[in-house]
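Spelled out from the first residue to the last, the chains are:
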Amino acid sequence: MKLLACVSQTWGIARPCLVVCAGTLTVGAGAPSATQNAGANTYTVTIEGMRFDPQTLTVHRGDRVVWINRDLFPHTATATSKAFDSRSIAPNVSWAYRARTVGEFDYGCTFHPTMRARLVVEPRAKAPIARTNRAGTLR
Amino acid sequence: MKPRYAPCAAGLALLTAAAGAETGHVTDPQIAAIVVTANQVDIAAGELARAKGQSKDVKDFAQRMITDHSGVNKSATELVQKLHVTPESNPTSESLKRGGDENLAALKKLRGSAFDKGYIEHEVAYHQSVIDALDKTLIPSAQNTELKALLVKVHPAFVAHLESAKQIQSSLGKM
């Protein structure tokens, strides 16, 4: 029970925290920010003036992408392939996505068809810390 | 056939008159009234189209107009309250209101595809008029920096709405 309570509480804190973090990240929109997992970065895409900024964002597998809506009405970030779909993001609210699938994803706002952008997810080049396998060679 | 396009002509004429009236200087309280009225007019037309529209594209567009223009009006209202600006009625806001009322009355007489075409045609003219007013009068005249920033911020939305309306208008024309 104690563990369950703890997990629940963690989630309770984690969700609002996500929004707060997104607010601070807008300064460096599109640039990597504080990491949560070793080697994984968080990137921010700002939605403002009916466009996604940056228009093309390249990240590595495992990175987190946060879309923050700075417009006065809702938007979505929806991949054409449906690989991800934020659903409605209210004004001044953010939505986060962990990029687990490598590929190039054209996406847009389902409410405003003129808004288009692209997310590129590349394979992680190398492990953050070099480890040896059983044969003793570097992986 | 004549009644089918009569409302569009009336709406166009009034909106053009509204845009034409904005040739002189307007004060911030007058700009506030124009912005709020312009949004209200399009929200009202959107509510009618959401209920009476025939095609899904038209109904979706109408919903988007309601949502987006309500969002703009919420921010505009909050800003004028914060700035202690009281919206001041003026010839342009009155013309917009009158044009909106007449458009609604005319659209209510239409149904089916004629309604869709009439609504979208008016949306194209309306958004073009508002964009012209923003570019030529409202943004250059705004004195308060926050009010000016709000106008600049909403400008791309009107442009995107116009583009969507034109696309729908084109697809309706092919039906």
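Located above this text is the structure these notes cover.
Note on numbering: residues in each chain are counted from 1, in written sequence order. Note on labels: chains are lettered from A, ligands numbered from 1, in written order. For a predicted model such as this one, the threshold for reporting local features is a pLDDT of at least 70, and the threshold for listing and counting side-chain atom pairs is 80 or more; totals across whole chains, interfaces and linings nevertheless cover every residue.

Draft legend 1. Summary view of the sheet that holds strand β1 (residues 42-48) of chain A. Residue and element names in this part refer to chain A. Only strands that DSSP links by at least two bridges are regarded as paired with each other. Each helix corresponds to a stretch of at least 4 residues labelled H or I by DSSP, and each strand to a stretch of at least 2 residues labelled E; elements are numbered beginning at the N terminus. As summarised here, the arrangement of the 4 strands in space is β2-β1-β4-β6, forming an open sheet in which the pairing is mixed. A strand with exactly one partner marks an edge of an open sheet, and here the two such strands are β2 (51-53) and β6 (94-98). In this sheet, neighbouring strand axes are inclined to one another by 20° on average, regardless of whether the strands run parallel or antiparallel. Bridge count for β1 against β2 is 3 bridges, and the pairing is antiparallel. By the bridge assignment, T46 is partnered in β2 with D53. Where helices are involved, their axes are fitted lines through C-alpha atoms of the stretch in contact, as for all axes, and angles between N-to-C directions lie from 0 to 180°.

Draft legend 2. Fine view of unusual backbone geometry. Residues and elements named next belong to chain A. At the junction of D53 and P54, the peptide bond is cis and its omega measures out at 5° in the coordinates. With respect to the helices and strands, P54 occurs in the loop between β2 and β3 (56-60). Positive phi outside glycine occurs at K82, with the angle close to 70°. Among the structural elements, K82 can be located in the loop between β5 (78-79) and β6. With 9 C-beta atoms packed within 10 Å, K82 lands in the exposed category. At R87, a position not held by glycine, the phi torsion is positive, near 60°. Structurally, R87 can be placed in the loop between β5 and β6. To sort residues by burial, count the other C-beta atoms lying within 10 Å of each one's C-beta; a count of 20 or more means buried, 12 or fewer means exposed, and anything in between means partly exposed. C-beta atoms are built from the backbone.

Draft legend 3. Highlighting the nonpolar core. Here, a nonpolar core denotes buried Ala, Val, Leu, Ile, Met, Phe, Trp, Tyr and Cys residues that are linked to one another through C-beta atoms within 7 Å. Judged by nonpolar contacts, the single largest core of 67 residues is most densely connected at V65 and W67 of chain A together with I31 of chain B. A residue pair is marked as a contact if its C-beta atoms, positioned from the backbone, fall within 7 Å. If we skip the residues at most four places from it in the chain, I31 of chain B touches V26, L138, S141, A142 and L147 of chain B.

Draft legend 4. Up close: the pairing of strand β8 (residues 116-122) of chain A. Residues and elements named next belong to chain A. Only one face of β8 is covered, namely the one carrying A117, L119 and V121; the face carrying R116, R118, V120 and E122 has none of its residues buried. Summarising the sheet, β3 and β8 pair through 5 bridges and their orientation is parallel. Residue pairing for β8: V59 is matched across the bridge by V121. In the sheet, strand β7 (residues 103-108) pairs with β8 via 6 bridges, with the strands oriented antiparallel. Within β8, the residue paired with F105 across the bridge is L119.

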